[in-house]
Amino acid sequence: MRIADLKCRDSYSPSAPDCRGQESLFLGPRRPICFFFNLPPSDFSFCMLRKASLILFKLPYISSCRIQEAASPAGRYALYPLLDFFSAFSDLFCPPAADPARRVDFEDDRRRGYTEIDITPIVRDWASGKLENRGLLLTGTPGSPSLYYASHRYRIPGMRPLIRLKCEAAEFSRALQVVPCEVTVSRRTVPPAEKTGER
């Protein structure tokens, strides 16, 4: 089993009024998050994908950003593969389209300091060429508690978003090849004395 972690190349979310900054991502109702990861083609050419997980590390609420839903029950969220590219100015134009047929629903486990989302079908479609990799979109449903995650610019590199790939390396047997060669057969001549047993 091979494990590879893909680093996030870009991440973006509209900043909350009191939480401006590039190190955090704010997920909540009407507050989506976008991610983009570069996928290495060679990894998918020589291994079979078993599982792909998006892993996001949570940030604690800070006093100037504290949300009153802290005591509310865990909410439901959704992840979609993007059909359009996104940028920091996407809010000024039409929001990037997402694929509802490949929606992945997930819930926040408040006991954990991270969120892990199984996106294996999406990554398989990226690898096979069925779907172009244009990023991922996370959204919160109405009433879902707000979540803060570390962005790809976060000061602690180990807390930045990543996609963990678990693959099984494919084994290939070497093909037989025809190699031209010359074979010389030497024939030994037996003397008559040896034939009759004379010495």
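Residues numbered from 1 in each chain as written. Predicted model: local features only at pLDDT ≥ 70, side-chain atom pairs only at ≥ 80, totals over all residues. Heavy atoms only, no water.

**Q** Got a sec to walk through the overall build of the chain? Specific residues and values, please.
**A** The helix and strand inventory of the chain stands at three helices and 10 strands. In sequence order, the secondary structure elements of the chain are arranged as β-β-β-α-β-β-β-β-α-β-β-β-α. When burial is assessed residue by residue, the chain has 38% of its 199 residues classed as buried. Within the chain, contacts between residues at least 6 apart in sequence are counted, and of these 80% link residues at least 24 apart. Summed over its atoms, the accessible surface of the chain is roughly 13,200 Å², and 53% of this surface lies on carbon and sulfur atoms. (Helix = DSSP H or I, 4+ residues; strand = E, 2+ residues; numbered from the N terminus. Buried < 20%, exposed > 50% of the residue type's maximum accessible area, 1.4 Å probe, protein only. Contact = heavy atoms within 4.5 Å. Areas by Shrake-Rupley, 256 points an atom, 1.4 Å probe, with all protein chains shown as cover.)

**Q** I'd like a rundown of the pairing of strand β3 (residues 33-37), residues and numbers included.
**A** With five of five residues buried, β3 lies mostly within the body of the structure. Where burial is concerned, the two faces of β3 agree: the one with I33, F35 and F37 and the one with C34 and F36 are both buried. Looking at chain direction, β3 and strand β8 (residues 136-140) are connected through three bridges and run antiparallel. Across the sheet, the residue bridging to I33 is L138, located in β8. (Pairing = 2+ DSSP bridges.)

**Q** Could you give me a rundown of the pattern of salt bridges, with the residues and numbers involved?
**A** In the structure shown here, the tally under the stated rule is 11 salt bridges. Notably, a salt bridge pairs R164 with D5, separated by 2.8 Å at the nearest N-O pair. One end of the pair, R164, is in strand β10 (residues 162-169); the other, D5, is in strand β1 (residues 2-12), with 159 residues separating them in the sequence. Between E23 and R155 there is a salt bridge, with its nearest N and O atoms 2.7 Å apart. Of the two residues, E23 is situated in the loop between β1 and β2 (24-27) and R155 in the loop between β9 (147-150) and β10; the sequence distance between them amounts to 132 residues. Judged by its relative accessible area of 23%, E23 is partly exposed. (Salt bridge = Lys/Arg side-chain N within 4 Å of Asp/Glu carboxyl O.)

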